[in-house]
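The lines below spell out each chain.
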Amino acid sequence: MYLFYVRHGNPCYDPDSLTAHGKREAEAVGRRLARFGIDEIYASDSVRAYETSIPLSEITHKEVTKLPWANEKNTANYFYLYSERLKMKRWVFENADFKDLFTSKEIEDLGKEWYKHPALKQYNMEEGVKMLDKNIDEFLLSLGYRHDREHKRFIPVNPTDKKVALFAHQGMGIYFLSSIFDIPYPEFCVRFDMVTSGLTAIIFENENGYVYPKTVQFSSDAHLYAENLPTGYNNFINTETKRFNY
């Protein structure tokens, strides 16, 4: 199986939608994915994620199945926290204080139970981890792959050659990938990010009865270059919008 995770196009968060540029991004990534012969399309039930999936749906004539659990608000409930310094909420991976903690040896030593660190207990991240992992594992099982978290691999209970696309979010996507790759969230979220309409391609290949998901592309925006659309890498470069120093 090939699983393509796509972050939504350039967004307007209020009201929840895509900007005009975001719609062009959605069209570009839709055409890119259509060349692969997508078999199934899923999307968060947020407007911006669903709108990003529409061009692919129209090209392939396949319906989009909405996944409420993939809506970013479910991840934000646990990992989008108030910053005293900024007087506003930000993702934990955008907060310098959490970066220091997340890369500490104390967190590393806790392994997959990193959320039990005393400094994190007040945020109830354990509940978020268990809820998200449950939903992610059920989704992958519905596609034919059972997650064996003890051994950090999947069991192919109903292996397939399908090509599946999931349109969702940045915050959700970073957790989603850390979960299926069995990489502790603190290690993953500090070092990886997703651009708008970025495409991550993951191969589920059966190897002697087990599957170790492998990324062959991460948050690729090659479709934007192919169609001469601008890319700003989340406002880091090629843009007049300044990035916050969190």
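Here the structure is a predicted model, which is why all the values come from computation and not from measurement.

J.: What is the right way to read helix H2 (residues 47–60) from this model?
T.: Given 3.6 residues per turn, any residue in an α-helix points the same way as the ones three and four places further on. With 14 residues, H2 should cover 20 Å at 1.5 Å per step; its first-to-last C-alpha distance of 20 Å lies within 8% of that length. Considering bend angle alone, the principal kink of H2 is centred on isoleucine 54 and spans about 30°; proline proline 55 follows within four residues of it. Restricting attention to buried positions, one finds in H2 the residues Arg48, Ala49, Thr52, Ser53, Pro55, Leu56, Ser57 and Thr60. Immediately downstream of H2, the backbone of histidine 61 shows phi near 60°, a positive value.

J.: Looking at this structure, how should I read the nonpolar core?
T.: Generally speaking, a soluble globular protein has its nonpolar side chains buried in company with each other. Membership of the largest hydrophobic core comes to 46 residues, with the highest contact counts inside it found for Phe79, Trp114, Leu140, Phe176 and Tyr185. When contributions to this core are tallied by element, the ones reaching two or more residues are strand E1 (2–7), helix H3 (72–79), helix H4 (96–102), helix H6 (125–142), strand E10 (163–168), helix H7 (170–180) and helix H8 (185–191). Once you skip the residues sitting within four places of it in the chain, tyrosine 185 turns out to touch Phe79, Val92, Phe93, Phe102, Trp114, Ile174, Tyr175 and Ser178. Grouped together as the second largest cluster of nonpolar side chains are 13 residues, Val6, Val29, Ala43 and Phe167 included.

J.: I would appreciate a short explanation of the pattern of salt bridges in the present structure.
T.: Oppositely charged side chains may form a pair once their charged atoms are brought near each other. In this structure the tally under the stated criterion is 14 salt bridges. Notably, a salt bridge pairs arginine 48 with glutamate 72, separated by 3.6 Å at the nearest N-O pair. Taken together, the positions of arginine 48 in helix H2 and glutamate 72 in helix H3 put the pair 24 residues apart, joining distant regions of the chain. Of the charged contacts, one joins aspartate 109 and lysine 105 as a salt bridge, the two residues approaching to 3.0 Å between their closest N and O atoms. Residue aspartate 109 and its partner lysine 105 are located together in helix H5 (residues 105–110), separated by four residues, close to a single helical turn. The exposure class assigned to lysine 105 is exposed, which follows from its relative accessible area of 57%. A single salt-bridge network, built from bridges that share partners, covers Asp133, Asp137, Arg149 and Asp182.

J.: Just to check I follow, could you spell out unusual backbone geometry for this structure?
T.: Apart from glycine, the bulk of residues carry a negative phi angle, and the bulk of peptide bonds sit in the trans form. With an omega of 0°, the peptide bond between aspartate 14 and proline 15 qualifies as cis. Mapped onto the elements, proline 15 comes out in the loop between strand E2 (11–13) and strand E3 (16–18). Even without a glycine there, the phi angle at lysine 152 is positive, about 55°. Here lysine 152 lies in the loop between strand E8 (145–148) and strand E9 (153–156). The backbone of aspartate 182 sits at a positive phi, close to 55°, despite the residue not being glycine.

Definitions and limits used
- Residues numbered from 1 in each chain as written.
- Predicted model: local features only at pLDDT ≥ 70, side-chain atom pairs only at ≥ 80, totals over all residues.
- Heavy atoms only, no water.
- Helix = DSSP H or I, 4+ residues; strand = E, 2+ residues; numbered from the N terminus.
- Expected span 1.5 Å × (residues − 1).
- Bend = angle between axes of the 7 residues up to and from the residue.
- Buried < 20%, exposed > 50% of the residue type's maximum accessible area, 1.4 Å probe, protein only.
- Core = buried A, V, L, I, M, F, W, Y, C linked by side-chain atoms within 4.5 Å.
- Contact = heavy atoms within 4.5 Å.
- Salt bridge = Lys/Arg side-chain N within 4 Å of Asp/Glu carboxyl O.

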